[in-house]
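Examination of the molecular architecture
Spelled out from the first residue to the last, the chains are:
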Amino acid sequence: MATFIVAMSCLNAQKQQQMPPIPLDKDVRIGKLDNGLTYYIRKNNLPEHQANFYIVQKVGSILEEENQRGLAHFLEHMAFNGTKNFPNDSKGKGIIPYLETIGVKFGQNLNAGTSFDYTSYNIDAVPTARKAALDSCLLILHDWSGFLLLRDKDIDKERKVIHEEWRTRQDKSMRMLGILLPEIYEGSKYANRLPIGEMEVVDKFEPKALRDYYHKWYRPDLQGIIIVGDVDVDKIEQQIKEMFADVQKPINPAERLYSQVPDNNEPIVSIATDKENPNTNVLVFYKRNIVPSDKKLNMDYLVYDFMNSLIEQMLSNRLQEMIQKENPPFAYAQVSSGSYLISKTKDALQFFAISNPNGSNKAIETIVREANRVKEFGFTAGEYERAKADYLSKLEKLYNERDKQRSDYFIDQYTNHFLQNEPIPGIADKYNTIQQMVNYIPLEEINQMVKGMITDKNRVVAIMGNEKEKYSPQADIKALITKTDNEKLTAYVDNTIKEPLMTSLPIKGKIVKEEQQQGAIVWTLSNGAKVVVKPTEFKDDEILISGFAAGGSSVIENKYIPEIKVLSKNFEMVMGESALSAGGLGKFSKTDLKKVLSGKNVSMGFSVDTYNEEISGKSNIKDFETAMQLFYLNFTDIRKDQPAYASFVTRTKGMLMNISSNPMIAFTDSVMSSMYNNNSRGRFIGTKDVEAANYDTMLQLYKERFANAGNFVFTIVGNVKPADLKPIVEQYIASLPSASDRSSFNAKVMPVRKGLFNNNFIRPMETPKSTTAIIYSGKMEYTLQNKIQLDALKQILDIVLVEKIREKLGGTYGVQVASEQEKTPDESFDIQLMFDTDPDRRVELVKAINSVISDIQIVGPSAVNIQKAKEFSTKQHADDLKKNEYTLNILNNQYRYKADFDTNYQKYIDQLSVNSLKEFAKKIFGQDNRIEVSLSSN
Ligand SMILES: [Zn+2]
């Protein structure tokens, strides 16, 4: 506990007394029943008329014996297969079918998860207006706590589902973890307890073994229930006391031991490779002891937590800065400080990097060197100031929004309190405490703390690599670490930026016309741009801005396809950054821009999508003008930085080099090429595209797309006062350059394939598996009524496919259903179904899915399932109506597409019927545009 004691003792020296205890959030009711069960209840009205129900168990795969591997997770599945009050047989409904009738959706609102140390079950978004629903959800928690039926026949059925879940999850990462964990956790149970377990055990265990495990570990002294939402706290507490009284207090319970992780003197080096892994990930850990539960009670722990966050941030910033320079030492890097990978009994300062091809040693060496550098010289005053400003600005936003937190936020807090004794002071108390303390924490304190974290003992290096590269033997990597330890280092040099984002402001334009339209204000600006403003109070400190103009890459010629691909939003999502943002904005490089923006709560993204250019930004109230300056600079002054772009190219090429060795990338690429008839605009980007794309051309194409502000409609939603907004809009939007011509998109660049098309291909894989996508597409008018029908159809497919394909046939872990409604280039839809299965069962499952689709068209969906979809949509809509994102979406539909997606929403939900959905399904599926793509290992 070296680091913690350093931090604590220095603070204690200043105060000369013990720190006061951290207060407990006064808005949560916490109690414990005689049998040992802990409960947390809190009233919270966001979302309104809904509540979340959780049961958290201090039980996970770590408690399994060798011959029980997989039982903890198996048990979690059995919680949905028959309980005392929800038997799921002729005597009564099961949990899933019951909850669906009240609009609680399996997978989305109803879920569970098993980890090494904990298991949790949740029922979210329960409608609270019906008392019966609340009673039933409490009863479900009650049944989960100790009343599972665990019938033989249900267990046998579930073996297949779990086997399929294993197949879906058994990817490169899982396989490599299977190699790494035994080495980096040697001497600990964490070495061999991946929750999915051993299929040998899953396929063959005796049902009695599962029942014994259940009764041994599922018991009230290890269970906590958490209920947050629009509820009466006294009433719920009373009900808990009554309902859980029959849960027996355990007699001579087995001790819940926490598996320890041994220390190591010499570095541990572990290397795992996998054929399907395209890149090399390097992890370097500096392990340390956790803060014991009883040391988390006093204010010094809040200080420790604050200092730990800042260390994480400042180290990450240093690595980010290195990435932007020419010849970066790795393609990506970040730092975190918390649990040592998967263990709750050991913490670590953890460096994660994606190395360049054949660059794993360079990555390791750089990380070790930077760790040594900060240990020797510490952080600088400038770094500390900026990181502190960022931390405080996030905390301030949380404080400003303290009355408008969604229930999930509190659930997370109470879960961590129950499991690990993490403090729950409440937002206001935390904010006030940190505000008071922060100026008494000198930089030296933090430098002492990081010194304690970085030691030459307890180091662990893990490499997750591919089979094309050669990795140095472990002894050589250890020698490399020693060699780096002996280097003579110089201190990190920080150049502080004092200049403002914009030194001179553009000449203001004017608002030339103001209209009021259904609660929104529409301004027409002197440069032709339109701004739609809608003040809301859904959030106290949030403003959203979006912008849109027709055109996009559809109007860029085919000869620029490499440039189009590098500029595309898809590629930006894959890389986590856009090619042009590498150069920074205005006078500032990307690294300097980050410094200028420290302490500001702003984000601003510009992108060239297929059919339009888009802007999407967000800020708090205080920093809105800064957000608008970023907005202005993105339009007018995107910065060219040749070395920074060269660095971007090196990094992306490295990442893309072996990407096709990942079968899922190959699969996605063939889905896209099947859908768009091999159109090269739709194909996955490769290293050749990155090499071929010309930086100057891209800058030019981007500038052309954003040259004429008159093409754009902007929407601003959130806690804004139109009068305050006016001067800002005139300053930063009306001042943008414009021209009189209006842009439009080219609808013909990427037509979707029509008719029936199959592309089933085989490629050897490490785990025998078949992945299939079935895509229906076609014309559909862009109306609200169609949106609601399409949503309902998707939900009904979800329900039926779980019943028929997962549960009845045990054929897959799940069929994913996605649906999309498009306005551009044509008014259209698509529905995508995707699943993994055993290659030998692929054809059988495709047939079963086809018959589900044809039944919906011939007999229509069942009235029961329609009712379930209606309940869910009604509830979801009521919640959406109170969100800024939703309001923005409605306005965008109205002003971009002239489509009213607001009026009559509920009416259209109410109108859903067997007949209307049958007719709708016929219209959709009857167009006979069906693409099937599959990738199988044999
Ligand atoms: Zn599972």
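First, a word on scope: everything that follows refers to the structure included in this document.

Criteria and cut-off values
- Residues numbered from 1 in each chain as written.
- Predicted model: local features only at pLDDT ≥ 70, side-chain atom pairs only at ≥ 80, totals over all residues.
- Heavy atoms only, no water.
- Helix = DSSP H or I, 4+ residues; strand = E, 2+ residues; numbered from the N terminus.
- Rg over C-alpha atoms; globule rule 2.2 N^0.38 Å.
- Buried < 20%, exposed > 50% of the residue type's maximum accessible area, 1.4 Å probe, protein only.
- Donors = N, O, S within 2.8 Å, 3.2 Å for Na, K, Ca; no water.
- Tetrahedral: all angles 85-135°; square planar, octahedral: opposite > 155°, others 65-115°.
- Pairing = 2+ DSSP bridges.
- Axes fitted to C-alpha atoms, helices over the stretch in contact; angles between N-to-C directions.
- Contact = heavy atoms within 4.5 Å.
- Expected span 1.5 Å × (residues − 1).
- Salt bridge = Lys/Arg side-chain N within 4 Å of Asp/Glu carboxyl O.
- Phe/Tyr/Trp six-rings, centres within 6.5 Å; stacked < 30°, edge-to-face > 60°.
- Left-handed = near helix turned anticlockwise from the far one by under 90°.
- Nonpolar A, V, L, I, M, F, W, Y, C, P; charged D, E, K, R; others polar.

Secondary structure summary: the protein chain contains 31 helices and 23 strands in total. Here the C-alpha atoms of the protein chain give a radius of gyration of 29 Å, agreeing with the 30 Å that 2.2 N^0.38 yields for 938 residues. By its C-alpha atoms, the protein chain is 80 × 75 × 60 Å across when sized along the principal axes. Taken across its 938 residues, the protein chain has 59% of its residues classed as buried.

Before going further, it helps to examine the coordination of the zinc ion. Coordination sphere of the zinc ion, protein contribution only: His73 (NE2), His77 (NE2), Glu165 (OE) and Glu165 (OE), at 2.1 to 2.6 Å. The coordination sphere of the zinc ion comprises four donor atoms, whose angles at the metal cover 55 to 141°; the geometry is irregular. Of note, the zinc ion draws all its donor residues from one chain, in the sequence arrangement H-x3-H-x87-E. Taken together, the residues His73 and His77, both in helix α2 (residues 71–78) and four residues apart, mark about one turn of the helix.

Moving on, we come to the sheet that holds strand β1 (residues 28–32). Paired through their backbone hydrogen bonds, the strands of a sheet run either parallel or antiparallel. One open sheet accounts for six strands, arranged β1-β2-β6-β3-β5-β4; its pairing is mixed. The open sheet has two edge strands, β1 and β4 (110–114), and neither has a second partner. Adjacent strand axes in the sheet meet at a mean angle of 10° when their direction is disregarded. In the sheet, strand β2 (residues 38–43) pairs with strand β6 (residues 223–229) via six bridges, with the strands oriented parallel. Its bridge partner lying in β6, Tyr39 is registered against Ile225. Where helix α9 (residues 233–243) meets the sheet, its contacts fall on β1, β2 and β6, and the angle it forms with β2 comes to roughly 160°.

In this model helix α6 (residues 172–184) runs 18 Å from its N-terminal to its C-terminal C-alpha over 13 residues, within 8% of the 18 Å that 1.5 Å per residue would give. Arg175, Met176, Leu180, Leu181 and Ile184 are the residues of α6 that are buried. Contact partners of the buried residues in α6: β7 (268–273), β9 (332–340) and β11 (459–465).

Think of it this way: side chains of opposite charge can pair up when their charged atoms draw near. Under the definition given, this model contains 66 salt bridges. Of the charged contacts, one joins Asp154 and Arg151 as a salt bridge, the two residues approaching to 2.6 Å between their closest N and O atoms. With respect to burial, Asp154 and Arg151 carry one shared label: buried.

The next thing to look at is the pairing of strand β22 (residues 828–837). The element β22 is largely enclosed, with a buried count of eight among its ten residues. Note that strand β20 (residues 770–779) and β22 share ten bridges and pair antiparallel. In the strand pairing of β22, Lys779 is matched with Ser828. Relative to β22, strand β21 (residues 816–822) runs antiparallel, the two being bridged by seven bridges.

On to unusual backbone geometry, then. Cis peptide bonds are those with omega within 30 degrees of zero, and the linkage from Leu46 to Pro47 qualifies with -5°. By secondary structure assignment, the location of Pro47 is in the loop between β2 and β3 (50–57). Phi at His49 is positive, roughly 55°, even though this residue is not glycine. Structurally, His49 can be placed in the loop between β2 and β3.

With that out of the way, let us pick up the packing of aromatic side chains. Counted by the stated rule, this structure contains 40 aromatic pairs. Between Phe80 and Tyr121, the ring centres sit 6.4 Å apart and the planes meet at 40°, which makes this aromatic pair tilted. Of this pair, Phe80 sits in the loop between α2 and α3 (95–101) while Tyr121 sits in strand β5 (residues 119–127); the two residues are 41 residues apart in sequence, bridging distant segments of the chain. Residue classification places Phe80 among the buried positions, given a relative accessible area of 9%. Given a relative accessible area of 0%, Tyr121 falls into the buried group. Judged by centre distance (4.8 Å) and plane angle (85°), the rings of Phe306 and Tyr391 are edge-to-face. In this pair, Phe306 sits in helix α10 (residues 299–324) while Tyr391 sits in helix α12 (residues 381–400), placing the two residues 85 residues apart along the sequence. Residue class for Phe306 comes out buried when judged on its relative accessible area of 1%.

Relative to the assigned elements, Leu181 resides in helix α6. Apart from the residues lying within four places of it in its own chain, the contact partners of Leu181 are Phe116, Glu186, Tyr190, Ala191, Leu194, Leu341 and Ile342.

This part takes up the environment of Pro250. Following the sequence through the fold, Pro250 ends up in the loop between α9 and β7. Judged by its relative accessible area of 22%, Pro250 falls in the partly exposed class. Once the C-alpha coordinates of Pro250 and Ser744 are considered, the two residues, 494 residues apart in sequence, prove to be 71 Å apart. Not counting chain neighbours up to four residues away, the residues in contact with Pro250 comprise Asn35, Arg219, Pro220 and Asp221.

Read from one edge of the open sheet, five strands run β7-β11-β8-β10-β9, paired in mixed fashion. The sheet terminates laterally at β7 and β9, the two strands that pair on one side only. The mean inter-strand angle of the sheet, taken between neighbouring strand axes irrespective of direction, is 15°. Inspection of the sheet shows β9 paired to strand β10 (residues 343–355) by nine bridges, in the antiparallel sense. Bridging across to β10, Ser339 finds its partner in Asp347. Sheet contacts for helix α16 (residues 474–485): β7 and β11; angle to β7, the most-contacted strand, approximately 130°.

All right, on to the environment of Val438 then. Along the chain, Val438 falls in the loop between α14 (427–437) and α15 (443–453). With relative accessibility at 3%, the residue Val438 sits in the buried group. Taking the C-alpha atoms as reference, Val438 lies 39 Å from Ile236; in sequence the two are 202 residues apart. Not counting chain neighbours up to four residues away, the residues in contact with Val438 comprise Phe306, Tyr384, Lys388 and Leu392.

Within the secondary structure, Asp669 sits in helix α22 (residues 663–675). Overall, Asp669 belongs to the buried group, its relative accessible area being 16%. Those residues within four positions of Asp669 in sequence are excluded, and the remaining contacts are Arg683 and Phe684.

Another point: the packing of α2 against helix α5 (residues 152–169). At a minimum axis distance of 10 Å, the contact between α2 and α5 shows a crossing angle of 115°. In terms of crossing hand, the pair formed by α2 and α5 is right-handed. Packed against α2, whose contacting residues are His73, Phe74, His77 and Met78, the element α5 presents Asp154, Ile155, Glu158, Arg159, Val161, Ile162 and Glu165 at the interface. A class-by-class count of the residues in the contact of α2 with α5 yields five nonpolar, two polar and four charged.

Let us now look at the pairing of β4. The alternating pattern of β4 places Leu110, Ala112 and Thr114 on a buried face and Asn111 and Gly113 on a face that is not buried. Sheet topology places β4 next to β5; five bridges connect them, and they run antiparallel. Opposite Thr114, over in β5, you have Thr119 as the bridge partner. Between β4 and β5, which follow one another and run antiparallel, lie four residues.

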